[in-house]
Amino acid sequence: MGVSASILLIALGAILRFGVSLSGNLGGVTVDWAIVGDVLIAVGATSLVFSVGWMAAASRRVGPHGDRYQRTRPPYPS
């Protein structure tokens, strides 16, 4: 999951947590939308931390000779 999907989950969770004041009944089970919003916020925040950490780790990777991009052949046939 990327950064944009994480932010979308956080926003959706915040809408459910703070903006919705209805109680739902799904097949006889009462749904507390505030708890659903809290779970979405937690999942989005955790995913955001892992996505940013993954991008930071990937940007520090270099090739075996110290350069980022290494060509194995000339760009045009000679």
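Note: the structure precedes this text.
Before going into details, it helps to say that this report is about the structure given with it.

What counts and how
Residues numbered from 1 in each chain as written. Predicted model: local features only at pLDDT ≥ 70, side-chain atom pairs only at ≥ 80, totals over all residues. Heavy atoms only, no water. Salt bridge = Lys/Arg side-chain N within 4 Å of Asp/Glu carboxyl O. Helix = DSSP H or I, 4+ residues; strand = E, 2+ residues; numbered from the N terminus. Buried < 20%, exposed > 50% of the residue type's maximum accessible area, 1.4 Å probe, protein only. Contact = heavy atoms within 4.5 Å.

Considering the pattern of salt bridges
Going through the model one piece at a time under the given rule, you end up with one salt bridge. Linking Arg17 and Asp38 is a salt bridge whose minimum nitrogen-to-oxygen distance equals 2.9 Å. Here Asp38 lies in helix α2 (residues 33-59) and Arg17 lies in helix α1 (residues 3-19), a separation of 21 residues in the sequence.

Some remarks on the side chain of Ser51
Along the chain, the position of Ser51 falls in helix α2. Its relative accessible area of 9% is what places Ser51 among the buried residues.

Side note on the environment of Arg17
Taking the relative accessible area as the measure of exposure, Arg17 reaches 34% and is therefore partly exposed. C-alpha separation for the pair Arg17 and Gly37, spaced 20 residues apart in sequence, amounts to 4.6 Å. When neighbours within four sequence positions are excluded, Arg17 is seen to be in contact with Trp33, Ala34, Gly37, Asp38 and Ile41.

What about the environment of Ala42?
Of note, Ala42 is situated in helix α2. The class for Ala42 is partly exposed, based on a relative accessible area of 42%. Here the alpha-carbon distance between Ala42 and Gly13, two residues 29 residues apart in the chain, equals 8.5 Å.

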